[in-house]
Every structure is written in structure tokens, then in C-alpha cells.
Amino acid sequence: MAALRLFWAEAGGLPADDRGLAYGDGLFETIRMAGQKGVLLSRHLERMVRDARRLGINVSRQELATVCTQAGQRFAERFNDQDWVLKLTLTRGAGGRGYRPDPGMAPNLLVSASPMPPAADASGVMVDFSRVPLTVNPLLAGIKSLNRLEQVMAAAELGSALFEVIMSDSDGNLVEGTRTNLLLRKNDTWITPPSACLAVAGVLRQWLLERLRQSGQAVFERPLTVPDVLGSECQGLFLLNSVLGIVPVRTIAGHDLPVDGVLATIFNPLELLE
């Protein structure tokens, strides 16, 4: 396995012939940090290693963990004890021309830090349905790859009042937001789109499903429809993002939804630092 090449964003970034820049040949993680510790850090690292392997990019968890430690030492003081966001961008490497990668390429890892985005309104947010369809290649399902053009186009629909837009597949089933996974409460059960249809299978989504099942609650992974959300049996729709947390939806496409506080105390970032 070729040695990982490390790049710090503020020190110049990736070389011009990097395959991530040329072809989106790579994947990334965004991790909420508090000081030098990360929320659900081990899950982020395990996902990056697992999904990189699916793309044929070899990197070890220990290499990534070492970089996270270095990043915490490098950036924590910059944010004056405020939470911040660590981004790891892993690409297949640099060099070569054309889609076919050269054998034995050394992967590149770009590391950057940014302030936390504004917190979502705890009383619920406004969302809408996106006009941009989401197509998920089964070979890439769930991978947080660098190919995010559909999400970029959908995010262009966001106005100042909208927190998120919800994207649908070719059958009209609701899949995910531009930056969030979906969880619906209906008839005292939980419903979320199956991971096989997701562009990104979030680490908070997986952690929360496990937590709900451990507590004895019924959780179903099945297609989520517009009638599920707008019907009278809906008890709440939630957006899941490991940086932003669990965000209740108050209004979708002008329709008021019940805001259920049942998940409010489940996700406490301070209890999930590693």
C-alpha cells in the first residue's frame, strides 16, 4: 500500500493534477469537533476506510486517526474553545491522464478546518421539495464521494427562509436532503429510506437507528413517500446530519408538520466525543 500523502488546505492544497480535482475520484468526511475531539469520530473514520476500499483506494484507519490528532493540535486553539468542523478529503492521488488510474498511486489527503455553521432552529425548520431528481448508482450507494453535482444544483433552490430541500428518486420516493438524511415518525414507528438508495449513508443516521432499536422502538427501512410525510398519521419529520444534529421540520412546501420533541434529548454531541 502506497504511503498516504498529507496536504493542509491553508498551506496550498492539492496539486493541479490530482484526480479528485480532475474526475471527482475520491470521497470526504466532515466531522464536528470540540477542541481536539470529534463527534462520532470512529464511525467517520471507519466509513472513510470502508468506502475508500469500495473505490479501490487504500488507506488505514490508523493513518486517518493520526491525521485527526494532528489536526486537533493544529486547529483547536484557532476557534477559541468553540466547536468547529474538520474536513478530510481523500483522493486516489495525482498524475496520469485519462480516466484509468496509474497502478500503485499514493492517495492524497487534504485537511481543512472551518467554523461551525449556524445552529438550526430547535422549534423546527422550513423545507421544500427539490425539483432536482437524485439518481444513485448502486455501486456508489452511500459513499460520500466527491461527485455531488446533483446536490449542488438542488442547493441552488435554497432561499433565505429554507433550511433544506428534499430530493426524490425517479419513482418519486423521498430519498434525502442536500446535506441531510431523513427520519419520519408515523404511527409510533420510525421510517427511513433504505441505505441502498442513499447517496450518503450518514453516520448519525446509523447511530440513531441503532439507538432507537436498542430502546425497543420499531424502525423500518423502506421507501418514504410524499403521502407518508403529508398524511395525517405523520408525527414528525427529522433531518439528520452529524454536524448539525437532529433537526425537526416545522413546515414542508407550505404544509405544517407536527414538531415532536421525542428525539431532542437523544443526540448530545458532548456525550459522543472521541
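Look above for the structure.
Not measured: the values here are computed from a predicted model.

A. Representation of the overall build of the protein within the structure. Scanning the protein from terminus to terminus reveals six helices and 14 strands. Its C-alpha atoms give the protein a radius of gyration of 19 Å, within 12% of the compact-globule value 19 Å for 274 residues. Principal-axis analysis of the C-alpha atoms places the extent of the protein at approximately 55 × 40 × 40 Å. Out of the 274 residues in the protein, the part that is buried amounts to 49%. Restricting to contacts in the protein with at least 6 residues of sequence separation, those with at least 24 account for 70%. A total of about 13000 Å² of accessible surface is found on the protein, and carbon and sulfur atoms cover 51% of it. If you average the places of the 27 positive and of the 29 negative side-chain charges in the protein, the two averages end up 5 Å apart.

B. The environment of L158, seen in detail. Here L158 shows up in the loop between helix 4 (149–155) and strand 7 (164–168). We classify L158 as partly exposed; its relative accessible area is 28%. Measuring from C-alpha to C-alpha, the distance between L158 and A141 comes to 25 Å, with 17 residues separating the pair along the chain.

C. How the structure looks around the sheet that holds strand 5 (residues 108–115). Strands sit in the order 1-5-4-2-3 across an open sheet of five strands; the sheet is mixed. A single partner strand is all that each edge strand has here, and the edge strands are strand 1 (5–8) and strand 3 (37–38). The strands touched by helix 2 (residues 41–54) are strand 2 (26–34), strand 3 and strand 4 (84–91); relative to strand 2, the strand with the most contacts, the crossing angle is about 175°.

D. Highlighting the pairing of strand 9 (residues 181–186). By the criterion of burial, strand 9 is predominantly enclosed, with six of the six residues buried. Burial of the side chains of strand 9 extends over both faces: N181, L183 and R185 are buried on one face and L182, L184 and K186 on the other. Pairing of strand 9 with strand 12 (residues 234–241), which is carried by six bridges, proceeds in the antiparallel orientation. Bridge pairing in strand 12 links K186 to C234.

E. Spotlight on the packing of helix 2 against helix 5 (residues 203–214). Where helix 2 contacts helix 5, the two axes come as close as 10 Å, and the packing angle between them is 120°. Taken together, helix 2 and helix 5 sit at an angle that is classed as oblique. Our pair here, helix 2 against helix 5, has a crossing hand that is right-handed. For the pair helix 2 and helix 5, contact is made by R43, H44 and R47 and by V203, Q206, W207 and E210, respectively. Residues that form the contact of helix 2 with helix 5 fall into these classes: two nonpolar, two polar and three charged.

F. Region of interest: the environment of V136. Assignment of secondary structure puts V136 in the loop between strand 6 (125–129) and helix 4. When its relative accessible area of 24% is taken as the criterion, V136 is described as partly exposed. Counting along the chain gives 62 residues from V136 to L198, while the straight-line C-alpha distance between them is 6.7 Å. Residues contacting V136, with those up to four places away along its chain left out, are A141, A196, C197, L198 and A199.

G. Fine view of the packing of helix 2 against helix 3 (residues 61–75). Two elements in contact, helix 2 and helix 3, have axes whose closest approach is 9 Å; the angle formed by their N-to-C orientations is 135°. Regarding the angle of helix 2 to helix 3, the classification is oblique. Both helix 2 and helix 3 take part in a crossing whose hand is right-handed. Between helix 2 and helix 3, the residues in contact are L41, S42, L45, E46, M48 and V49 and R61, L64, A65 and C68, respectively. Each residue belonging to the contact of helix 2 with helix 3 can be placed in one class, and the counts come to seven nonpolar, one polar and two charged.

H. Summary view of the side chain of T89. Position of T89 among the secondary structure elements: in strand 4. The exposure class of T89 is buried, given its relative accessible area of 11%. Every residue in contact with T89, bar those within four places of it in the chain, is listed here: L27, F28, N108, L109, L110 and L146.

I. Structural context of the packing of aromatic side chains. All told, the structure shown has six aromatic pairs when counted by the stated rule. A ring pair is formed by F75 and W84, whose centres lie 5.8 Å apart and whose planes are at 65°; its orientation type is edge-to-face. Their ring planes at 55° and their centres at 5.9 Å tell us that W190 and F238 sit as a pair that is tilted. In this pair, W190 is assigned in strand 10 (residues 189–192) and F238 in strand 12, connecting sequence segments 48 residues apart.

Calculation notes
As a convention, each chain's residues are numbered from 1 in the sequence order in which they are written. Given that this is a predicted model, residues contribute local features only at a pLDDT of at least 70 and side-chain atom pairs are listed and counted only at 80 or more, while totals for whole chains, interfaces and linings are drawn from all residues. Values reported for side chains reflect all heavy atoms of the structure, with hydrogen atoms and water molecules removed beforehand. Here a strand is any run of E in DSSP of at least two residues, a helix any run of H or I of at least four, and the numbering for each starts at the N terminus. The quantity called the radius of gyration is restricted to C-alpha atoms. Its globule counterpart is 2.2 Å times the number of residues to the power 0.38. For the exposure calls, accessible area comes from a 1.4 Å probe over protein chains only, and a residue counts as buried if that area is under 20% of its type's maximum, exposed if over 50%, partly exposed in between. Note on contacts: a residue pair is in contact if any heavy atoms of the two residues lie within 4.5 Å. For accessible areas, the Shrake-Rupley method is used with a probe of radius 1.4 Å. Any residue's cover is judged against the shown protein chains and nothing else. A residue counts as positive if it is Lys or Arg and as negative if it is Asp or Glu; His and the chain ends are not included. We put the charge of a Lys on NZ, of an Arg on CZ, of an Asp on CG and of a Glu on CD. For two strands to be treated as a pair, DSSP must find at least two bridges joining them. Interaxial angle, 0 to 180 degrees, is taken between N-to-C directions of lines fitted to C-alpha atoms, where a helix line uses only the stretch in contact. An angle below 35 degrees is treated as roughly parallel, one above 145 as roughly antiparallel, one from 65 to 115 as roughly perpendicular, and anything else as oblique. Left-handed describes a crossing whose near helix is turned anticlockwise from the far helix by less than a right angle; the clockwise case is right-handed. Asp, Glu, Lys and Arg are counted as charged, while Ala, Val, Leu, Ile, Met, Phe, Trp, Tyr, Cys and Pro are counted as nonpolar; the rest, among them Gly, fall into the polar class. Pairs were defined over the aromatic rings of Phe, Tyr and Trp, the Trp ring being its six-membered one, requiring ring centres within 6.5 Å. Orientation was assigned from the angle between planes: stacked under 30 degrees, edge-to-face over 60, tilted for the rest.

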